[in-house]
Amino acid sequence: MILMERVQRLRTAAVAADDENTIKRRTGELVDIAQSVESLIETIKRLGNGVAELRTTGVRMNTELAQKAPQVVAMLYALSDSLPNQAVDASLNEAKMQVKAAQGFVNNLRLSVEEAWKAKRSREVPAINDDLITALARSGIEVEEIRIEIERAQGTLAILNNRAIPELGDVERLTRALEILRSCGKRISELVDPTLAQIILNTQETTGMPLSSFTPEILAGLTRLGILDRFWVRLR
């Protein structure tokens, strides 16, 4: 093999290697864009569900953003379909700009939905005296059913409070949980009047309650609840 032939083959090999690197780099760029497009489409769909859910309660959303969402999704689908047909040497700048614009739209829509959902969740939560429920249970008053309902409702609220974007049905779950807590609070108040409840609660403390606190009305209330025999006098 003469020297010039060898040089030519080396040049051909170098070009082939460069093309391989170009193809790998190009493939990586296309994969990154495709993954970004897929993620953006899924996010917009999730945000769309959040918008639909909030609108069921009359919450006002940014109309312009909500109306633009289907157009952005259509653009992303078109971009996704075009990626496999891109030539190896074609510029991807336009595709990258479209992805960047879509990301900006998604950030604005997410912020709008999160703020509206946060405002919806900010409704006052009915106060529940967990210590009183525990004291009533220790005193022999049947409150287990109420306790279970309260724990379930509070668990639901915890899940919803940790969810930045509402899912379909979340507004109803929120309303139902608050109604349950309100109902349980009312049932407890009807079960034991505040004065009697405070007596029962204080007797759980190590210091107990003075004997003078057990007025005829208090004794009658404890008798009515069937728990009078659970209290005793400690001489000091």
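Residues numbered from 1 in each chain as written. Predicted model: local features only at pLDDT ≥ 70, side-chain atom pairs only at ≥ 80, totals over all residues. Heavy atoms only, no water.

Caption draft 1: Highlighting the overall build of the protein chain. Within the protein chain one finds 8 helices and 0 strands. Helices (α) and strands (β) of the protein chain occur, in sequence order from the N terminus, as α-α-α-α-α-α-α-α. Partitioning the contacts of the protein chain with sequence separation of at least 6, the portion at a separation of at least 24 is 79%. Accessible area for the protein chain stands at about 15,600 Å²; split by element, carbon and sulfur atoms hold 52% of it. (Helix = DSSP H or I, 4+ residues; strand = E, 2+ residues; numbered from the N terminus. Contact = heavy atoms within 4.5 Å. Areas by Shrake-Rupley, 256 points an atom, 1.4 Å probe, with all protein chains shown as cover.)

Caption draft 2: Local environment of helix α4 (residues 130-138). Taken together, the buried positions of α4 are occupied by Leu132, Ile133, Ala135 and Leu136. Seen from one end, α4 has its buried residues packed into an arc of 160 degrees, which puts them on one side. Exposed side of α4, more than 90 degrees from the buried face: Asp131 and Arg138 are the residues found there. Remark: Gly140 follows α4 within two positions and exhibits a positive phi of approximately 95 degrees. (Buried < 20%, exposed > 50% of the residue type's maximum accessible area, 1.4 Å probe, protein only. Arc of directions from axis to C-beta.)

Caption draft 3: Representation of the nonpolar core in the model. Counting residues in each nonpolar core, the largest one holds 49 residues, and the members touching the most others are Ile44, Leu76, Phe105, Val113 and Ile150. At the level of elements, α1 (3-55), α2 (63-82), α3 (93-121), α4, α5 (144-161) and α6 (170-191) are the ones that each hand at least two residues to this core. Discounting residues that sit within four places of it in the chain, Phe105 has contacts with Ile44, Leu65, Lys68, Ala69 and Val72. (Core = buried A, V, L, I, M, F, W, Y, C linked by side-chain atoms within 4.5 Å.)

Caption draft 4: Just the packing of α3 against α6, in detail. The N-to-C vectors of α3 and α6 enclose an angle of 20 degrees; their axes lie 11 Å apart at closest approach. As far as their axial angle goes, α6 and α3 are roughly parallel. Read as a crossing pair, α3 and α6 show a hand that is right-handed. Contact residues: Trp117, Lys120 and Arg121 in α3; Asp170, Val171 and Leu174 in α6. Here the contact of α3 with α6 is built from residues that sort into 3 nonpolar, no polar and 3 charged. (Axes fitted to C-alpha atoms, helices over the stretch in contact; angles between N-to-C directions. Parallel < 35°, antiparallel > 145°, perpendicular 65-115°, else oblique. Left-handed = near helix turned anticlockwise from the far one by under 90°. Nonpolar A, V, L, I, M, F, W, Y, C, P; charged D, E, K, R; others polar.)

Caption draft 5: Looking closely at the pattern of salt bridges. One pass over the full model with this rule turns up 7 salt bridges. For the salt bridge of Glu144 with Arg147, the shortest nitrogen-to-oxygen distance reads 3.5 Å. You can see Glu144 and its partner Arg147 sitting in helix α5, 3 residues apart, about one turn around the helix. A salt bridge links Glu149 to Arg187, with the nearest nitrogen and oxygen atoms 3.1 Å apart. Of this pair, Glu149 sits in helix α5 while Arg187 sits in helix α6, placing them 38 residues apart in sequence. Classification of Glu149 by relative accessible area gives partly exposed; the value is 25%. Arg187 sits in the partly exposed class, given a relative accessible area of 26%. Through salt bridges with shared partners, a single network forms among Arg163, Glu167, Asp170 and Arg173. (Salt bridge = Lys/Arg side-chain N within 4 Å of Asp/Glu carboxyl O.)

Caption draft 6: Up close: α2. Compared with the 28 Å implied by 1.5 Å per residue over 20 residues, the 30 Å span of α2 between its first and last C-alpha is a close match. Taking the largest bend as the criterion, α2 deviates by roughly 35 degrees, centred on Ala69, and proline Pro70 comes between one and four positions later. If you check which residues of α2 are buried, you get Leu65, Ala66, Ala69, Val72, Val73, Leu76 and Leu79. (Expected span 1.5 Å × (residues − 1). Bend = angle between axes of the 7 residues up to and from the residue.)

Caption draft 7: Region of interest: the side chain of Lys120. By the element assignment, Lys120 lies in helix α3. As a buried residue without a salt bridge, Lys120 has its nearest oppositely charged side chain in Glu53, at a separation of 9.2 Å. Those residues in contact with Lys120 that lie beyond four places of it in its chain are Leu54, Thr57, Val59, Val171 and Leu174. (Lys, Arg positive; Asp, Glu negative; His and termini not counted.)

Caption draft 8: Spatial organisation of the side chain of Asp170. Examined against the element boundaries, Asp170 turns out to sit in helix α6. At 2.7 Å, the side chain of Asp170 and the backbone nitrogen of Glu167 are in polar contact. For Asp170, the side chain forms a polar contact with the side chain of Arg173, separated by 2.6 Å. With residues up to four places along the chain from it excluded, the contact list for Asp170 reads Glu53, Trp117, Leu160, Arg163 and Ile165. (Polar contact = N/O pair within 3.5 Å; in protein donor to acceptor, adjacent residues only side chain to side chain.)

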